[in-house]
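Here is what each chain is made of, one letter per residue.
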Amino acid sequence: MSHYYRTTKKRGSKLISDFIRGVTVEFETAPGVFSEDEVDKGTRLLLEVAEVPSEGVILDVGCGYGAVGITLAKAYPNLRVYMVDISKVAVELSKINAKRNGVADRVVVLEGNLYEPVKGLKFDAIYSNPPLAAGMDVVRRIVIEAPEHLRPGGSLQMVLRKGHQAIYNLMKSVFGNAEILASKWGYKVLKATFREQSS
């Protein structure tokens, strides 16, 4: 698989560059943000195998400096992308990186906890690489609350290294379905599809 990677230090921040999903992306990162030196393997695997609508609105939950949402915005020019993170630094970096990658006109970055900033909005797909430091309670909330933010036929896609069996089972319980899109480097990418219950 061809990809390149470059790091440039700048005012305490770093600039990393990569080639993922057919597009070249550059991200400014900073000390303390998740995976500041390179796009981590879990995020890379999610981006490589994610099932992505060619148009519509998607959400990146726990976006960090924006690797998932911005890469997908760049690869799919008809998508509108919402990105959410609880960290002020992550939100600032994501806004900078959306501009850097030329997708700021289609990317909305919001600060807040999980789905709170996008209350009332519905998406065609939700993506997440939840950091392990967040704890399994946070991961479970992402799954349990996802259906109220998905349009019929929309999906939740997550990459996990630990606890993936429990989350797979939870997805089956919440959505009535679950599948493993990929398994590599100790990571699993899980997907569940929201289907409206017929009354």
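The structure under discussion appears in the preceding block.
Structure report, in brief. Quantities reported herein were computed from a predicted structural model and do not represent experimental measurements.

### A closer look at the nonpolar core
Alright, step 1. Core analysis: the largest hydrophobic core is formed by 37 residues, its most contacted members being Phe27, Tyr65, Leu72, Val107 and Tyr127.
Alright, step 2. With residues near it in sequence (within four places) discarded, Tyr127 still touches Leu46, Ala50, Glu51, Val52, Pro53, Ile58, Leu59, Asp60, Val61, Val68, Leu72 and Gln157.
Alright, step 3. Counting 28 residues, the second-largest nonpolar core is a separate cluster that includes Val57, Val139, Val143 and Ala178.

### With respect to helix α1 (residues 41-49)
Alright, step 1. Regarding α1, the residues found buried are Gly42, Thr43, Arg44, Leu45, Leu46 and Leu47.
Alright, step 2. On the buried face of α1, the contacting elements are β2 (13-20), α2 (67-75), β7 (123-128), β8 (150-160), β9 (179-184) and β10 (187-193).
Alright, step 3. One side-chain oxygen at the N-terminal end of α1 lies 3.1 Å from the backbone nitrogen of Gly42; it belongs to Asp40.

### What to know about the environment of Tyr65
Alright, step 1. Inspection of the secondary structure puts Tyr65 in the loop between β4 (56-61) and α2.
Alright, step 2. Overall, the relative accessible area of 5% leaves Tyr65 in the buried class.
Alright, step 3. A sequence separation of 32 residues divides Tyr65 from Asn97, and the C-alpha atoms of the two residues are 7.3 Å apart.

### A short note on the sheet that holds strand β5 (residues 79-85)
To summarise the sheet geometry, strands pair through backbone hydrogen bonds and adopt either a parallel or an antiparallel arrangement.
Alright, step 1. If you trace the seven strands from one edge of the open sheet to the other, you get β6-β5-β4-β7-β8-β10-β9, paired in mixed fashion. Each having just a single partner strand, β6 (107-111) and β9 make up the two edges of the open sheet. Averaged over all neighbouring strand pairs, the angle between strand axes comes to 15°, with direction disregarded.
Alright, step 2. As judged from the five bridges shared by β9 and β10, these two strands associate in the antiparallel manner. In the strand pairing of β10, Ile180 is matched with Leu190.
Alright, step 3. Its contacts with the sheet place α2 against β4, β5, β6 and β7, and it is angled at close to 170° to β5.

### Considering unusual backbone geometry
Alright, step 1. Even without being glycine, Leu114 reaches a positive phi, approximately 50°.
Alright, step 2. Even without glycine at this site, Trp185 takes up a positive phi of about 55°.
Alright, step 3. Among the secondary structure elements, Trp185 is positioned in the loop between β9 and β10.
Alright, step 4. For Trp185, a relative accessible area of 32% puts it in the partly exposed group.

What counts, and where the lines are drawn
- Residues numbered from 1 in each chain as written.
- Predicted model: local features only at pLDDT ≥ 70, side-chain atom pairs only at ≥ 80, totals over all residues.
- Heavy atoms only, no water.
- Core = buried A, V, L, I, M, F, W, Y, C linked by side-chain atoms within 4.5 Å.
- Buried < 20%, exposed > 50% of the residue type's maximum accessible area, 1.4 Å probe, protein only.
- Contact = heavy atoms within 4.5 Å.
- Helix = DSSP H or I, 4+ residues; strand = E, 2+ residues; numbered from the N terminus.
- Polar contact = N/O pair within 3.5 Å; in protein donor to acceptor, adjacent residues only side chain to side chain.
- Pairing = 2+ DSSP bridges.
- Axes fitted to C-alpha atoms, helices over the stretch in contact; angles between N-to-C directions.

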